[in-house]
Every structure is written in structure tokens, then in C-alpha cells.
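Below are the chains, spelled out letter by letter.
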Amino acid sequence: MTVKIGDIAPDFTLTSQTGSSVSLKDFRDQKNVIVYFYPKDDTPGCTAEACAFRDSYEVFKDAGAEVIGISDDSQQSHQKFATKYQLPFTLLSDAGNKVRQLYGVPATLWIMPGRVTYVIDRQGVVKHIFDSMLDFKAHVAESLKTLEGIKS
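Let me begin by describing the structure that accompanies this report. (Residues numbered from 1 in each chain as written. Predicted model: local features only at pLDDT ≥ 70, side-chain atom pairs only at ≥ 80, totals over all residues. Heavy atoms only, no water.)

## Regarding the packing of aromatic side chains
Any aromatic ring pair is given by two values, namely how distant the centres are and how the planes are angled relative to each other.
Right, so step 1: What the rule picks out here adds up to twelve aromatic pairs.
Right, so step 2: Pairing F12 with Y103 gives two aromatic rings, centres 6.2 Å apart and planes at 65 degrees, and the pair type is edge-to-face. Remark: Y103 occurs in helix α4 (residues 98-103) and F12 occurs in the segment before β1 (13-16); sequence separation between them is 91 residues.
Right, so step 3: The buried category is assigned to F12, whose relative accessible area is 4%.
Right, so step 4: Taking relative accessible area as the criterion, Y103 reaches 0% and is therefore assigned buried.
Right, so step 5: Here the aromatic cluster, defined as three or more aromatic residues joined through ring pairs, consists of Y36, Y38, F53, Y57, F60, F81, Y85 and F89. (Phe/Tyr/Trp six-rings, centres within 6.5 Å; stacked < 30°, edge-to-face > 60°. Helix = DSSP H or I, 4+ residues; strand = E, 2+ residues; numbered from the N terminus. Buried < 20%, exposed > 50% of the residue type's maximum accessible area, 1.4 Å probe, protein only.)

If you want it as C-alpha cells, here you go:
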């Protein structure tokens, strides 16, 4: 399955860096959600992307959105990563990449987990998908631009 713009985002429940369970459906009718899949905690590209989301987190909150990062790293790895870089948003552990597969996030060069961001509105509809392995900060810019369009 590959999620496309206009689809209802598939629901999932995963464990956060704090050990709590987080489901996409928890945000339905309450907040827009930015779900970004990334390859690995505490690597140069993933750190740049996470810190870009961190630096714009208040803008996302003001736009009525929540940011969620997903990788197959463990809860403990996410906790260390979030603490080290003071990440204010939720990181979810997708052991076995089941949610990544559910969304159809492609691998890069068939081996490395891809970097794809989904903007999901309050009704659970996918409004934008951005796929770029190397343009880390563009994931934030594309998400904010899409949120602006959702508001108007």
C-alpha cells in the first residue's frame, strides 16, 4: 500500500520516547498532524531535520498542528535523542517498520529507510507528501506551507 494525497491516513498506535502509546486517531477532529518518517536517531541528516522541526515547533503549534517523528529506533534511543537535542515533539518507535510499510515509505537505494513527511488535516486526510532524503529543512518548509493552505 502507498498512501496518496487525498487518502485517509492509516491509523497506527506506537510507543513514544516516554513509553506512552500514541495513536494517530487521538488527534482526529482536534489537530492537524505532521508525521515525518526518518532513518535513524542521532545521525547528521536526521539530527538536522529534527532540529529544524524543533526550531519551528511553536509555529506548528500556533497553526494547530502536532509534529510526530517515526523511525524504527527503540524507545530508549528516542528518549536519548529527544533529550540531547531538546526535541519538544513526540518520537515514535516503529519496530519492524510496520507503519513505514503501511504508508508505503520507500527505501533509499533499496537499503536505507526513506525520509518522507505527511501533512494530515484534522479530518485525517493526507494533504501533502514530501519525499527528500537530502533536503532536510525542506520537510519543515513544505509542511508549514501546506498548513497555511489548510487554514485558508
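## Notes on the environment of V99
Right, so step 1: Residue position: V99 is located in helix α4.
Right, so step 2: C-alpha separation for the pair V99 and D135, spaced 36 residues apart in sequence, amounts to 23 Å.
Right, so step 3: In this structure, V99 is in contact with F12, L14, F37, I70 and D94, ignoring residues within four places of it in sequence. (Contact = heavy atoms within 4.5 Å.)

## Description of the pairing of strand β5 (residues 90-93)
Two faces, one strand: in a regular strand the side chains alternate between the faces of the sheet.
Right, so step 1: As defined by bridge partners, β1 adjoins β5 across two bridges and the pair is classed as antiparallel. Paired with S16 across the bridge in β5 is L92.
Right, so step 2: Pairing of strand β4 (residues 65-71) with β5, which is carried by four bridges, proceeds in the parallel orientation. When the sheet's bridge partners are listed, I70 is paired in β5 with L92. (Pairing = 2+ DSSP bridges.)

## Describing unusual backbone geometry
Right, so step 1: Unusually for a residue other than glycine, Q86 sits at a positive phi of about 50 degrees.
Right, so step 2: Structurally, Q86 is set in the loop between α3 (75-84) and β5.
Right, so step 3: Of note, N97 is a non-glycine position whose phi angle comes to about 55 degrees, a positive value.
Right, so step 4: Along the chain, N97 turns up in the loop between β5 and α4.
Right, so step 5: N97 sits in the buried class, given a relative accessible area of 17%.

## Some words on the sheet that holds β4
Right, so step 1: A sheet is described by the order of its strands in space; here seven strands give the open sequence β2-β1-β5-β4-β3-β8-β9, paired in mixed fashion. Only two strands of the sheet have a single neighbouring strand rather than two, namely β2 (21-23) and β9 (126-131). The sheet shows a mean angle of 30 degrees between the axes of neighbouring strands, direction not considered.
Right, so step 2: Judged from the six bridges that link them, strand β3 (residues 32-37) and β4 form a sheet pairing that is parallel. The residue of β4 that forms the bridge with Y36 is G69.
Right, so step 3: Across the sheet, helix α1 (residues 44-55) is in contact with β3, β4 and β8 (116-120); its angle to β3 comes to roughly 165 degrees.
Right, so step 4: Across the sheet, α3 touches β1, β4 and β5, and the angle it forms with β5 is around 160 degrees. (Axes fitted to C-alpha atoms, helices over the stretch in contact; angles between N-to-C directions.)

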